Amino acid sequence: MPADWRAVAALVVPADSPLGRAGRHVEVLAGHLPPPSGHRTCVLCRAPWPCGPWDEAARTLTEDHLPVGYLVPLDLHATLWPPTATPAPPERPGDQPLT
């Protein structure tokens, strides 16, 4: 396997299970992942990741209530779900400077 491809695992699930019915979308999702080298480019589309086919498959899985996060390598989670800044607490009237 070339160094710029991710290792894969094959699983057998019942065809009539939620994951079995979504199998094609899972395949698209896995096929359109960027390489583990840290470059965020889809190996099939050669487009910035997440690419269009990956995004469409992820949206379909999400609509079917299948958690996409379980199908994405951990090193890509920060790209998809970047940490959000903690909102500042609301100001209290006593915190305002006197003018």
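Coordinates for the structure precede this section.
Residues numbered from 1 in each chain as written. Predicted model: local features only at pLDDT ≥ 70, side-chain atom pairs only at ≥ 80, totals over all residues. Heavy atoms only, no water.

Participant: Got a sec to walk through the overall build of the protein chain? Specific residues and values, please.
Facilitator: Helix and strand content of the protein chain: 4 helices and 0 strands. Taken from the N to the C terminus, the helices and strands of the protein chain come in the order α-α-α-α. Burial statistics for the protein chain: of 99 residues in total, 22% are counted as buried. Summarising the internal contacts of the protein chain: among those between residues at least 6 apart in sequence, 49% fall at separations of at least 24. In the form shown here, the protein chain has an accessible surface area of approximately 7500 Å², with 62% of it arising from carbon and sulfur atoms. (Helix = DSSP H or I, 4+ residues; strand = E, 2+ residues; numbered from the N terminus. Buried < 20%, exposed > 50% of the residue type's maximum accessible area, 1.4 Å probe, protein only. Contact = heavy atoms within 4.5 Å. Areas by Shrake-Rupley, 256 points an atom, 1.4 Å probe, with all protein chains shown as cover.)

Participant: Explain the packing of aromatic side chains residue by residue, including any values.
Facilitator: Here the structure, examined in full by the defined rule, presents 1 aromatic pair. Pairing Trp 49 with Trp 54 gives two aromatic rings, centres 5.1 Å apart and planes at 70°, and the pair type is edge-to-face. This pair shows no difference in class: Trp 49 is buried, exactly as Trp 54 is. (Phe/Tyr/Trp six-rings, centres within 6.5 Å; stacked < 30°, edge-to-face > 60°.)

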